[in-house]
Structure formats: structure tokens, C-alpha cells
Amino acid sequence: MPFSTGIPPNALVRSRHSRVPSSSAISLTFRARRTGDKASLRSTIENECFQTLTTKNTYVKPPCTNERSANLERRQTQWKRVALKRNDEERMADVATRHFIGNLSRIEIAEELGISRFKVARLLEEAIELGIVTIDIGMPGVVDLDLSIALQKRFGLKRAIAVMTPSPRPEVVQEALGRVGAQLLSEILVDGDVLGVTAGRTLSHMAHNIGEIAHCEVVQLAGVAGPVRENGIDIVRRIALASGGNAYPIFAPLLVKDRATAIALRSDPVIHETFRRFDGVTKAVVAIGSWNPPDSQLYDNARNIGVLDDLLRRNVLAEVAATLLDSRGQEIDAVADRSVAISSAQLHAIPDVIGLAGGTLKAAAVRSAIDSGLVTSLVTDTGLAQRLLSQPA
């Protein structure tokens, strides 16, 4: 049964009481030992016509020929080495259990076992090298369910997902949100959907992490404004390959200097075919650009063509695709005639628009996008979610 927040049941949510600390979770696995190894080797020795008399891993041969005697000696030596190795590995496991599970220091273990702390250190190192102890570091991307519910209710969102990350560094947040965004698409897309996407670093991570998703067409909603690896063309291509559907890219800049150039580009047959798909988009994933502080591909695009100062004077704070917004979420009609992107009206008509944005510096921009009504769902990190919830209504 889906969560009331609109969070899909498998969207990396463990439980209300299953939060993990901000540091990476570490689990230790000790390799099991099977007595079958000893039995197998003993059977081999017996099959070589040896009479086995055991005390503790000691074997005595019966009278045999010189050749068989030599073979026996070699096999006895082999078995003793195997037995010694097994005893050492059992000691490694014992020391590792005391250290990693029992939280004993190396000095405490040395005192308990009557060995030097240097021997303890060597046993721990060898236990990891031999795979007796394996260390698994939990990846970021666990959802804070309580915070997600609070975010969804406060802003009336269709779904809200607040992702815990081990670091606030932008590259860490972008990777974590990208993976959760990819997981979300695998949960909500159905055959026949038309998915619209914009561009950006976080969406690029989403495209790289995309797995099996429903068969759908993938439409680029805005032209190219950023580097090749972060532009919408590459993102559309990767997602379309995963879905098996058609890709509809936009091979043109997002923002151009004049209206005539924009009209000419939109008239190009390939771009026109993409624009025809805008009205049929059923779900969309969009980046949210911030202009104060600046963290936006469109911001950089505007600077490159010499219109940035004029837009800043008009108090642009955020953007979705090529729709500019002020601090109250009101649209600023300044570049619509010079952009190669989906219109504001067409964005509003999409039933589900998922904003994918993180980092506390984007809090004002994300709030503006939510207030505008362009974004109906949000995937963000817990730091930004807390900032949003601390803002006045």
C-alpha cells in the first residue's frame, strides 16, 4: 500500500524508526567455516591407501612402499599446513569479533589472549585481506519519512521525499538525489507515459542511475544551456535507452539573443517535432535553478548572451525550464520569446512535475518554484527540507 505522502513503497524508505546516522552505516560479515573441508581432505588421504590415526590433526601412515611413503609425507605436511592455516583464520575471526563487534581495543584483546598488540593488529589486517571480515559501507540515499510527510503536508505537494546524505557537499547531494530520482521514476512511470525532462547535474546523475523503467517516450523540455554531460540531450538519450521508447531532444540553445532566432530554431523540423510532444507530457522531472545565490545553467546562458544584468534588475530569483520566477513565485515574462523551451502554460498543464533540487543555498529558489505551482512534487535533501519548513507560511 503506498504511503499517504505519495512516497512509493519501495522508494528507499525503511520505516519510521529506521533512521541511520548521518555517517555511513558499516556492517561486518564473518565468513563461516565448514567442517566438510576437513572431511574431504581426510577422505582423499584414505583413498591413497593410508591408514589414518588422528589425535589432533596428526596422521600416521601404515607400512607402504617408498613411493607411497613419500606421497604420504607430502600429504601429511599439506594437511598440517591446512590445519595451521585454519587455526590462524579461526583466531583472526575471534580477534575481529572482539574488536569490531565487542568494541574492545587492540590492547584489551592482547591482554585477554596473552599476545602482543602488534600481533592483534596483524591478525585484524589479515582478516580483512583474506575476506574473513568484510566491511560494507552503506550508500547515501535513505529517506527521512517524518520530514517527507511534514514537507508534503506543509506545501500541499503530491509527493515529497527528503533524502539523508552523509555530507552537504553539492556533489554528494546531487548524486544521492539523482539515485533516488531514478528509483522514483521506476516506481511511478507506467507504459504509455510521456516523460519530460530538463537538464542539470542532479538530473544527469538520475539518468546515469536509471534502471528498468516502463516503456515511454522521453521529451526534452528545454534547449541546451550547460556542459555536454549535463545537458538535456544526453539525459533524454540515456532515459530513452532504459525505457525502450523514442527520444525527442532539442538540438538548440536554451536562450538566444532575439525573437527571430528563437522562431527560426523552433521551426526546425526536428525541434518542431519535439515541441509537438509538450502538450502530451504526463510526468516531468525538472531542475530548479537559483539566481540568488547563482546556481543555474540559464543564469550562465543569460550572462553569455549579455542579458543577465537586465534580468537581475527585474528581481529574477529562480527558474524552471525557461520560466523565470521572483521571490513570491510570480512569473517574470522577460525571455519567453527568446527561449527554446516549453512554455509556462504547458508546464502548468502537466499532471505531475517533480522538482529535483538540493542544497540549502537553493531553499529560496525551491520555495519560489513550489509557490508558483509549477512544481507539484519534490525530491530534495533533508537540509533543504528543514530550511523550507523553518520558513514562515
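Here is a short report on the structure shown in this document. If you're wondering where the values come from, they're calculated on a predicted model, not measured in any experiment.

### Side note on the overall build of the protein chain
Here comes step 1: When you go through the protein chain residue by residue, the secondary structure sums to 15 helices and 15 strands.
Here comes step 2: Relative to its full complement of 393 residues, the protein chain shows a buried share of 47%.
Here comes step 3: Taking the contacts inside the protein chain whose residues are at least 6 apart along the sequence as the reference set, 69% of them involve residues at least 24 apart.
Here comes step 4: Accessible area of the protein chain: about 19700 Å², with a carbon and sulfur share of 50%.

### Description of the packing of aromatic side chains
The way to describe two aromatic rings as a pair is by their centre distance and the angle between their planes.
Here comes step 1: Scanning all chains against the criterion turns up two aromatic pairs.
Here comes step 2: Aromatic pair Phe-275 and Phe-278: ring centres 4.7 Å apart, planes at 45°, arrangement tilted.
Here comes step 3: Judged by relative accessible area, which is 18%, Phe-275 ranks as buried.
Here comes step 4: The class for Phe-278 is buried, based on a relative accessible area of 1%.
Here comes step 5: A ring pair is formed by Trp-291 and Tyr-299, whose centres lie 5.3 Å apart and whose planes are at 75°; its orientation type is edge-to-face.
Here comes step 6: According to the relative accessible area criterion, Trp-291 is buried, its value standing at 2%.

### A few points about the layout of surface pockets
Here comes step 1: Volume-wise, the largest pocket comes out at about 580 Å³.
Here comes step 2: Taken together, 35 residues make up the lining of the largest pocket; nearest its centre are Arg-201, Ile-288, Asp-295, Ser-296 and Lys-362.
Here comes step 3: Among the secondary structure elements, those contributing two or more residues to the lining of the largest pocket are helix H6 (170–188), helix H7 (201–209), strand E9 (289–291), strand E10 (294–295) and helix H11 (297–304).
Here comes step 4: In terms of residue class, the lining of the largest pocket is built from 17 nonpolar, twelve polar and six charged.

### Section: a negative patch on the surface
Here comes step 1: Together, Asp-88, Glu-125, Glu-126 and Glu-129 line one region of the surface with negative charge.
Here comes step 2: By residue number, the principal contributor to the negative patch is helix H4 (residues 117–129), which donates three residues.
Here comes step 3: Secondary-structure assignment places Glu-125 in helix H4.
Here comes step 4: Looking at Glu-125, the relative accessible area reads 48%, which means it is partly exposed.

### Points about the nonpolar core
Here comes step 1: Counting residues in hydrophobic clusters, the biggest one holds 58 residues, and the most contacted among them are Trp-291, Leu-311 and Leu-324.
Here comes step 2: Among the elements that take part in this core, helix H14 (residues 363–372) stands out by supplying five residues, more than any other.
Here comes step 3: Apart from the residues lying within four places of it in its own chain, the contact partners of Trp-291 are Ser-296, Leu-298, Tyr-299, Ala-302, Leu-308, Leu-311, Leu-312, Val-316, Leu-317, Ala-318, Glu-319 and Leu-324.
Here comes step 4: In terms of nonpolar packing, the next biggest core, distinct from the first, is built from 32 residues, Val-143, Val-163, Met-206 and Val-379 among them.

### Notes on the pairing of strand E14 (residues 352–356)
Here comes step 1: With five of five residues buried, E14 lies mostly within the body of the structure.
Here comes step 2: Side chains of E14 alternate between two faces, with Asp-352, Ile-354 and Leu-356 and Val-353 and Gly-355 buried alike.
Here comes step 3: The sheet contact formed by strand E8 (residues 283–286) and E14 spans four bridges and is parallel. In the sheet register, Val-286 faces E14, and the bridge partner there is Gly-355.
Here comes step 4: Sheet topology note: the E14/strand E15 (residues 377–381) ladder contains three bridges and is parallel. Bridge pairing in E15 links Leu-356 to Val-379.
Here comes step 5: Once the chain exits E14 it traverses H14 before rejoining the sheet at E15, and the crossover so formed is right-handed.

Quick notes on the rules
Residues numbered from 1 in each chain as written. Predicted model: local features only at pLDDT ≥ 70, side-chain atom pairs only at ≥ 80, totals over all residues. Heavy atoms only, no water. Helix = DSSP H or I, 4+ residues; strand = E, 2+ residues; numbered from the N terminus. Buried < 20%, exposed > 50% of the residue type's maximum accessible area, 1.4 Å probe, protein only. Contact = heavy atoms within 4.5 Å. Areas by Shrake-Rupley, 256 points an atom, 1.4 Å probe, with all protein chains shown as cover. Phe/Tyr/Trp six-rings, centres within 6.5 Å; stacked < 30°, edge-to-face > 60°. 1 Å grid on protein atoms, 1.4 Å probe; cavity = no way out; pocket = protein on both sides within 12 Å on 5 of 7 lines; lining within 4 Å. Points joined across faces, edges and corners; volume = space filled by probe spheres on them. Nonpolar A, V, L, I, M, F, W, Y, C, P; charged D, E, K, R; others polar. Patch = residues over 30% accessible without salt bridge, like charges linked within 9 Å, V, L, I, M, F, W, Y side chains within 5 Å. Salt bridge = Lys/Arg side-chain N within 4 Å of Asp/Glu carboxyl O. Lys, Arg positive; Asp, Glu negative; His and termini not counted. Charge placed at Lys NZ, Arg CZ, Asp CG, Glu CD. Core = buried A, V, L, I, M, F, W, Y, C linked by side-chain atoms within 4.5 Å. Pairing = 2+ DSSP bridges. Right-handed = clockwise from strand over helix to strand, strands pointing away.

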